[in-house]
Every structure is written in structure tokens, then in C-alpha cells.
Amino acid sequence: MQELDRNIQPHTYPIDKIDFIQAKKKVLANGIPLYYLNAGDQDVIKIDFIFEAGTKYQNYPLIATTTNSLLSEGTKSYTSAQIAEKLDFYGAFLQKSTDRDSASVTIYSLSKHFCNVSEILEEIIKYPTFPQKELDNYLLKQKQRFIVDSSKVKTMAQRKFTNVTFGEKHPYGSTAKLEDFENVKQKQLLGFFNRLYSVNNLKIVLSGKIDNNIISIIENKFSDNWNNSIKVEIDTEISNNIADKVILVEKKDAVQSAIRIGKLLFNKLHPDYFGMTVLNTVFGGYFGSRLMTNIREDKGYTYGIGSGIVSLKDAGFFTIVSEVGSDVCRNALDEIYIELEKIKVEIIEEDELNTVKNYMLGEIIRTFDGPFAMSDSFIALLEYDLSYDYITKYIETIKNIKAEELNKLANKYFNKADFLEVVAGKY
Amino acid sequence: MIKFDRFELDNGLKVIIHKDKTTPIVAINIVYNVGARDEMPEKTGFAHLFEHLMFGGSVNIPSYDTPLQKIGGSNNAFTNNDITNYYLTLPKQNIETGFWLESDRMLSLAFSPKSLEVQRSVVIEEFKQRYLNQPYGDVYLLLRPLAYKHHPYQWATIGKEISHIENATLKDVKDFFYKHYAPNNAVLVVAGDVETSEIRILADKWFGGIQKRNIAKRNLPIEPKQTEARKLTVKRDVPFDAIYKAFHMCAKTHPDYYATDLVSDILSNGNSSRLYQRLVKEKQLFSEINAYIMGSVDAGLFIFSGKLIDGVKMEDAENAIQNEINLIKSEVVSNEELNKLKNKVESALRFSEITALNKAMNLAFAELIGDANNVNKEIDNYLAVTPEEINKVANDIFREENSSTLYYLRINN
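Procedures and definitions
All residue numbers refer to positions counted from 1 along the written sequence of the respective chain. Labels follow written order: the first chain is A, the first ligand is 1, and so on. Only residues with pLDDT of 70 or above have their local features reported here, since the model is predicted, and side-chain atom pairs are shown and tallied only from 80 upward, although totals for entire chains, interfaces and linings are computed over all residues. Hydrogen atoms and water are omitted, and side-chain values are computed over all heavy atoms in the structure. Think of it this way: any DSSP run of H or I at least four residues long counts as a helix, any run of E at least two long counts as a strand, and we number them from the N terminus. The globule rule used here is 2.2 Å times the number of residues to the 0.38 power, and the radius of gyration it is set against is calculated over C-alpha atoms. Here's how the labels work: a residue is buried when its accessible area is under 20% of the maximum for its type, exposed when over 50%, partly exposed in between, all with a 1.4 Å probe on protein chains only. Residue contacts are counted whenever heavy atoms from the two residues lie within 4.5 Å of one another. Computed by Shrake-Rupley with a 1.4 Å probe, the accessible areas treat only the displayed protein chains as cover when residues are assessed. Salt bridges are defined as contacts in which a side-chain nitrogen from Lys or Arg sits within 4 Å of a carboxyl oxygen from Asp or Glu. When two components associate, each loses some accessible surface as probed by a 1.4 Å sphere; the sum of these losses over both components is called the buried area. Each polar contact in these results corresponds to two N or O atoms within 3.5 Å; when the atoms are within protein, one needs to be able to donate a hydrogen and the other to accept it, and residues that are neighboring in sequence are counted only if both atoms are side-chain atoms. In this classification, Asp, Glu, Lys and Arg are treated as charged, Ala, Val, Leu, Ile, Met, Phe, Trp, Tyr, Cys and Pro as nonpolar, and every other residue, Gly included, as polar. These domain boundaries are the output of an automatic or database domain assignment. DSSP-based pairing: two strands are paired if at least 2 bridges between them are found. Angles shown run from 0 to 180 degrees and are taken between the N-to-C directions of axes, each axis being a line fitted to C-alpha atoms and, for helices, limited to the stretch in contact. Counting rule applied: Lys, Arg positive; Asp, Glu negative; His and chain ends not counted.

Take the overall build of chain B next. Secondary structure summary: chain B contains 15 helices and 11 strands in total. Against the globule reference of 22 Å for 413 residues, chain B gives a C-alpha radius of gyration of 23 Å, in line with a compact fold. When its C-alpha atoms are laid out on the principal axes, chain B stretches across 65 × 45 × 35 Å. Across the 413 residues of chain B, 62% fall into the buried class. A separation of at least 24 residues holds for 81% of the contacts in chain B among residues at least 6 apart in sequence. Carbon and sulfur atoms provide 49% of the accessible area of chain B, an area that totals close to 15,600 Å².

This model, assessed by the stated rule, comprises 60 salt bridges over all chains. Note that E335 of chain A and K299 of chain A form a salt bridge whose closest N and O atoms lie 3.9 Å from each other. Highlighted residues: E335 of chain A in helix α10 (residues 329–345) and K299 of chain A in the loop between α9 (290–296) and β9 (302–311), separated in sequence by 36 residues. Residues K19 of chain B and E195 of chain B are paired through a salt bridge, measuring 2.4 Å at the closest nitrogen-oxygen approach. In this pair, K19 of chain B sits in strand β2 (residues 14–19) while E195 of chain B sits in the loop between β6 (186–192) and α8 (196–207), placing the two residues 176 residues apart along the sequence.

It is worth spelling out the interface of chain A and chain B at this point. If you look at the interface, chain A gives 71 residues, while chain B gives 75 residues. Both faces combined, the contact of chain A with chain B buries some 6,400 Å², and carbon together with sulfur accounts for 54% of it. Looking only at chain A, the three residues that lose the most surface to chain B are R6, Q144 and Y303 of chain A, adding up to 13% of its buried area. Applying the counting criterion to the chain A and chain B interface returns nine salt bridges. For K112 of chain A, the salt bridge identified is with E346 of chain B, shortest N-O distance 3.1 Å. The tally of links from chain A across to chain B stands at 40 residue pairs in polar contact (both at pLDDT 80 or more). For the side of chain A that touches chain B, the secondary-structure elements that each account for two or more residues are β3 (44–51), α2 (80–89), β5 (103–110), α4 (132–150), β9, β10 (316–325), α11 (350–366) and α12 (371–382) of chain A. Split by residue class, the side of chain A that touches chain B holds 31 nonpolar, 19 polar and 21 charged.

Right, let's talk about the domain arrangement of chain A for a bit. Residues and elements named next belong to chain A. For chain A, the assigned domains are domain 1 (24–222) and domain 2 (246–425). Taking the mean C-alpha position of each, domain 1 and domain 2 sit 29 Å from one another. Carbon and sulfur atoms make up 76% of the surface buried where domain 1 meets domain 2, a total of about 2,700 Å² over both sides. Taken as a group, L37, V153 and F161 account for 22% of the area that domain 1 buries against domain 2, more than any other trio of residues on that side. Taken together, the connections running from domain 1 to domain 2 amount to three salt bridges. Among the salt bridges present, the one from K313 reaches E52, with a minimum N-O distance of 3.9 Å. Counting across the domain 1 and domain 2 interface gives seven residue pairs in polar contact (both at pLDDT 80 or more). For the side of domain 1 that touches domain 2, the elements supplying multiple residues, two or more each, are β2 (33–38), β3, α5 (153–166) and β6 (202–208).

The next subject is the pairing of strand β8 (residues 242–248) of chain B. Residue and element names in this part refer to chain B. With seven of seven residues buried, β8 lies mostly within the body of the structure. Side chains of β8 alternate between two faces, with A242, Y244, A246 and H248 and I243, K245 and F247 buried alike. Across seven bridges, β8 lies against strand β10 (residues 301–308) in antiparallel orientation. Considered in β10, the bridge of A246 is made with I303.

Moving on, we get to the sheet that holds β3 of chain A. Residues and elements named next belong to chain A. Pairing is mixed across the open sheet formed by six strands, whose spatial order is β1-β2-β6-β3-β5-β4. Each edge of the open sheet carries a strand with a single partner, namely β1 (24–27) and β4 (93–98). Each neighbouring strand pair of the sheet contributes to a mean axis angle of 15°, computed without reference to strand direction. Pairing geometry for β3 and β6, over seven bridges, is antiparallel. Bridged to I50 within β6 is K203. Across the sheet, helix α7 (residues 212–222) touches β1, β2, β3 and β6, and the angle it forms with β6 is around 160°.

Attention now goes to the sheet that holds strand β11 (residues 403–410) of chain B. Residues and elements named next belong to chain B. Read from one edge to the other, the open sheet built from five strands follows the order β7-β11-β8-β10-β9, with strand pairing classed as mixed. Of all the strands in the sheet, the pair left with one neighbour each is β7 (230–236) and β9 (286–293). Averaged over all pairs of adjacent strands, the angle between their axes in this sheet comes to 10°, without regard to strand direction. Together, β9 and β10 form the strand contacts of helix α9 (residues 257–268), whose direction differs from that of β9 by roughly 170°. In this fold helix α10 (residues 274–282) packs onto β9 and β10, with an angle of close to 160° to the strand it touches most, β9.

Our next topic: the side chain of R6 of chain A. If you trace the backbone, R6 of chain A turns up in the segment before β1. No salt bridge is formed by the buried R6 of chain A; the nearest opposite charge belongs to D104 of chain B, separated by 4.1 Å. Polar side-chain contacts of R6 of chain A include one of 2.5 Å to the backbone oxygen of W206 of chain B. For R6 of chain A, the residues in contact, after removing those within four places along its chain, are N60, I61, W100, S103, D104, L107, W206 and I210 of chain B.

Shown next, in the form of C-alpha cells:
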């Protein structure tokens, strides 16, 4: 047998083509777009109801999340306990989530129980009643969770960063306060629901083992005009002057400090978005990134550090996130700024850039691994009314972008003077 | 049903292949039969620190991560009290790089002093981030030594204390490697659009030449039967009081395991469960409460954990838990309630079989502790449980003298 040379990596093959199954579209009689993605070999189904009803649409704190959370806590025909009992009996998993732009209800169900599950789903989506008793219990629990969260340096830094970056009055910049829990009224939830959980403000996405039978169940239940209100768009113009760019939120006994450094940027519709995503990956977007290599793998200041571009419907921002030993916090900050400067001054070497490009292409393949991952990727496009062409263009940019272009982007967007630095804990 | 092929190399490495044509990704999972339970009491946290060092370069390859990222791969690992598990996913055309990397670090490590120094700091920061700098973060550092007095489950994977990690030497690291890392102490699983014949060739080529090592038979102290209730009260800077109650239960391979798991489901799986409906919604004693089993290979723990609503007395909270315990001991559960939980278990198992990586992990762990095919018997094992068995295990486990209770109080109380 030929001697094995373990010093040499086996022959590698480029990633030239990424195959994935695309969602198909059907429009219900009432105008709701229904997207479906038939994939996977297991008899399971995921259904997402996505409303443009995120926190930016609320006139008072906590209303968007509370409305979304209480959808399943009592409806026209069922009590909260009955809904829980039925969903559990059919082995279904219900998830509700609210972000700044949208609010969604997601159900995971075995195909064989989907018909029964859809009965409950219809009640949750169309006829929630927001009982006062359930609201009181929910607020009691959430308030305690909020207090526990508020004692974490990570949460402290994240809230402060959000408040200051957008301004506390901006729909993207406000965060809840303890006293807000006393002021949530049932009437406000009903108002928010009637205004935003309407036929005109909803998209439905089905994925998994989807056949005509499943589609017709949805058509039968969700084709009428149960709520016809039209959403009024809100103003998300940012006019925010940040006076103080270095902020310490003190916590005296903290053994680690949470760091958030960042700035307003743009969302995924901007022409520089793809390039900045590549630049961000080099800088702090994967395990082999410069931030991880320097601050974790060389200095050992942290368990983890990373950076990312957060895309919102009407804005976007860039942030660097870490929790570092309080005793080495200043050193970690210094190193972050050294890396920020370095990526502006030095052109990224070919070898490093190739690693990043291939890593990113691998990540794209991973986002299409299995029916539910495919549907999540599709939903990320849907939110911005983008087609699959967007992914094709993204792949092309990753493959073709040059180090010189990335250098220009770094010099355009990575100026230290524009960055906000928040540290929660102690130096 | 997860179908698979299985073979063993001459050096004792077990290899399992699961073919899944629907995914563009191949998952490779290697589980080593070593965890925090294999550590010495004065050198805890070692299995986990060692997991970090497995990424610090192997005997012929200076960096593990870089060549993998270069071909679009991604990887991670975890350590628990029983096992150390390494996994990676990569585009299928580059699968051989995975074999190259994993086989070289099974062969031997670089044992670089720099890597030890840095990972020592990283793990200490992890200790702080996850256990010291979080509200309620040290609960398991307290509860484990209360419940276990002899078995090594008395320490958490991260270790008893930071000094154990600070004092680790390169010699300790080398000894640990040769004691536990070997083809005959591991299971390799490949899942994805692959052929068994192709994996057989790759496994022979890359792992076949690694020598079998002497692995001492595991001989851990057995935890004697607990004969009196244990209680511990601590005060911490947290916003709300909390209670944790642990009962000793059977091992994962014991026939009662499935009934015990269903007891925890009846109490706290889902919003319709007893604890949530009665203690959170009706009586409003807890902001959150859970009952769960640790799922460990050796005899484990059945744990209740609850955070009290502000103003609720600890005594009332504890009595409420006790009432639920009394109820499940005295009244046989109805078929309807049990069927609900069985449906839920079936559904959870189905959803755990969606991705190639999950399937690979499930197969590897099942093979390591017995037989990979047990993943396909799980559902029947749960479905076979009767209401009478539920009642029996509840009575076996929930005895006052079998309990360890941690009262975790806020400082200003």
C-alpha cells in the first residue's frame, strides 16, 4: 500500500452550483399570498403566518409582543387551557415571535394531524379574545423575566446600544422599561390586533410534505375576509445625533463586561450590502475571522466575539458583540480598534479571501439543508419582496469580489469616529 | 426509521453510514467515549478543556479550522458528563478533507504550549460567561455535589473550580489524550448523499492505519442509595427566589427510563402540562417551573426547577410541588393524558430526524452506549409504557429521603 501523506490536504473541489427547491405561489380568494415548498422525506409540516405587525407599529411599549404572545391564550371558541390541551394532544409545536418589523405564528405538525391542528390555528389567527385574566398572568411572568434579563450585562449593553443608535423615540430605538408592564391594557391589544392582524397584512408559508390536500385545508380556512383593515405605514426616518460616542453602563460586581460597538449602516437592499457581508465575514463573521483569531484564539480575552450586519425593513446597522473578562476589557477594546484600522490599511490577502469566499458558499448550502431551512431562507427574501435571483446575485458577488473593492468598502464604512461604543459591566 | 449500514475497522473504530439523498450537505460526527465523569476529582473540567485543544492543531496539520473553512465546511463540538462529540458539515464533493482532518487528530495532536495557554484563558472566560456572570448561573455547580457524594457526576462539565483549569499542564493533556482518544473508543457516523462503499474506502485509507490503544475499562464509583433528604440554602444577588429539587433516578439503559421520562412530560412538557397549568396559571406561584430528567448514561437525576413569583413564600412554593408529586404517586394517570404525551414524544422524535447532522448525532450516541438501532426502537419503548408503570416509577423516585433541595434566595430576603 502506498504511504499516506498526511501533510497534504486531499484534492478539493470548488462549489460551483448550489441547488435548492424554490417555493411556489398561490393567491387565496381574499388576496392572501400562500407560498408552499414541498421538500424533505419526513411526514412533517411547518406553517408560518407572517404579519407586518412588529414593534415598530406599536404606539405604546410592549403592545406588539403582548398581542402576538396572547393570540393562543383564549379565542372565541376555546380557552387558553383548551388550546394548549389540543395542540399538545396532536403533538404540535407552536411558536410565536415578534421582531421590529413583523410578527409571526409558526406551527410544526405531523402531516397526519395537520387537519385537526388547523382548526385551532384558525381560531388563533382569526378570533383571539385576549382575556384579562390571561393578560394579567402573562404580564406577571414577563415582568419577572424582564427583571432577570435586566441583570445581565449582555442585555444592558444591547438595550443601550439600540436606544442610542436610533434614538429612544425612534420605532427601532425604543426598548421596554419596567414601569411599562403596569400600563398594558386589553383594549390596546384588541386595537393593535384589529389594525394589523388583517387579511391585507398577512403572508402564509407552508413547507415540508405539502400536497394538494394540505393546500386545500388552508384554502378552506383562510380565504374569507375576517379582517379587512388596511395598515398605515409609519415614519422611520432617522434623525439622530449621537452626542456621546463612548458609554459605560456600570455593573460593579461584573466578572465580565459586555461590549457592543457599531454604527448605522443599511439593509440588504443597498448596492454595497453584498460586499459588506463579505467584508464583515473576514472581520468578525465566522470562527476564523480576524476578531476571533486575535481576541479569542491569540489573546484568550473572551469565549466568543463576532460582528454582523443586521438588516431591518427600513434601516440596518453593523455591530461588534462580545463578553470579555472585566480585567482585560480595555485590552480587548484596543485590539478591536487595531483590527478595524488594519482592515482599512492593508489589502486582504488572496488566501484569506478565498477561505472566506468558500466558507460563505458553504454557509449558503447549509441554509438550504432540509425543508424548514429552505423555508426560513425563503421567508428572509419574502420580507423584502425579493426573488431567488437575489441569491444568485449574492453567490456571484461572493465569487467575484476583489480584495481592492473590499478595501474601498472598509475605508468608506469603517471610520472609528462614526462608531458608538457601549460597555456594560466595568473596565 | 433511520436506515444505516455499519462496519468496524481492525483497530476497533465503529463506522456507521446513513444515506440521505435529499441534502446537499454531508454530516460527519465522531463521538469519543470520554466525558467529565472520567476526570479525577482534583483535575475537573479537563475533558472539556481538552475538547478545545482538539482544535489547536494535530500532528501533521497545523490548523484544524482553516482547511475546513477553505472547502466550505463548518464544525463544532460539545462535551458533557458522559461523552465528547465532534461534528462537521461540508459540501459532499469535499468529504475527504473531513476524513483527513478527523483522522489526523485521532492519530495525535500537536500538543502546542501556546494552544494550551490560550485555550486555558478561553475556557476560564467561558466559565465566567456561563456560570459566574449570569443570574442563577451556578445552580448546577451547587446542585450536583449536593445530590452526588461519590459518583463523578458531582461536578459539572466546566469543572468544580477555575483553579483546576489554571493548573492543567501539557503532560496532563498528553496523558489524557492517550488514555481516552483512540479508534477503539470512538464511533464515526457519516450522513448524507453518500455510498457505503465509498465511505468504507475513505475510512480504511484515513483511519485504518491508526493503532488501537489500551483503553482501561471504566470503573466509576457507584452512588450509594441516598438515605436522608439533603437541603442547601444559598443567597445570591438575583432578583427572585428559586427552588431546585433533585431525585436520583435510573440509568439511560434501564427499562424504567422511558416511564421516568414520561413522568417528567406529564408534569411539565407543553403548556397543557400539570405544573404549568396549575402552578403557573391557576395558583400563580411560579413565573416558570420545569420538571426534567438529565438523560445521563449512568444513574441520573430527575429535577424540578422553579422561579417564584415575587412575594410567594418558599414554603408555599415547595408545598405546591410536593402536592403534584403526591398526586402522581397516588393516582394512576388516565390513558388520555398518557396518550397525549406519547403523541408529543412521537412528534418530537420525528422532528429530530429532519437534518442529516441530527440523525448522525443520534446514531453515534446510540451506538456508543449500546446499539445504533436503538434510535429506531425509541418510539416503541415510549408507546409501551403503561399508566401503572408511570405510577410505579413515580413512587420509586419521589421519596423524601431520595431528594436534594437547593433554596436559591435573593440577598435582601
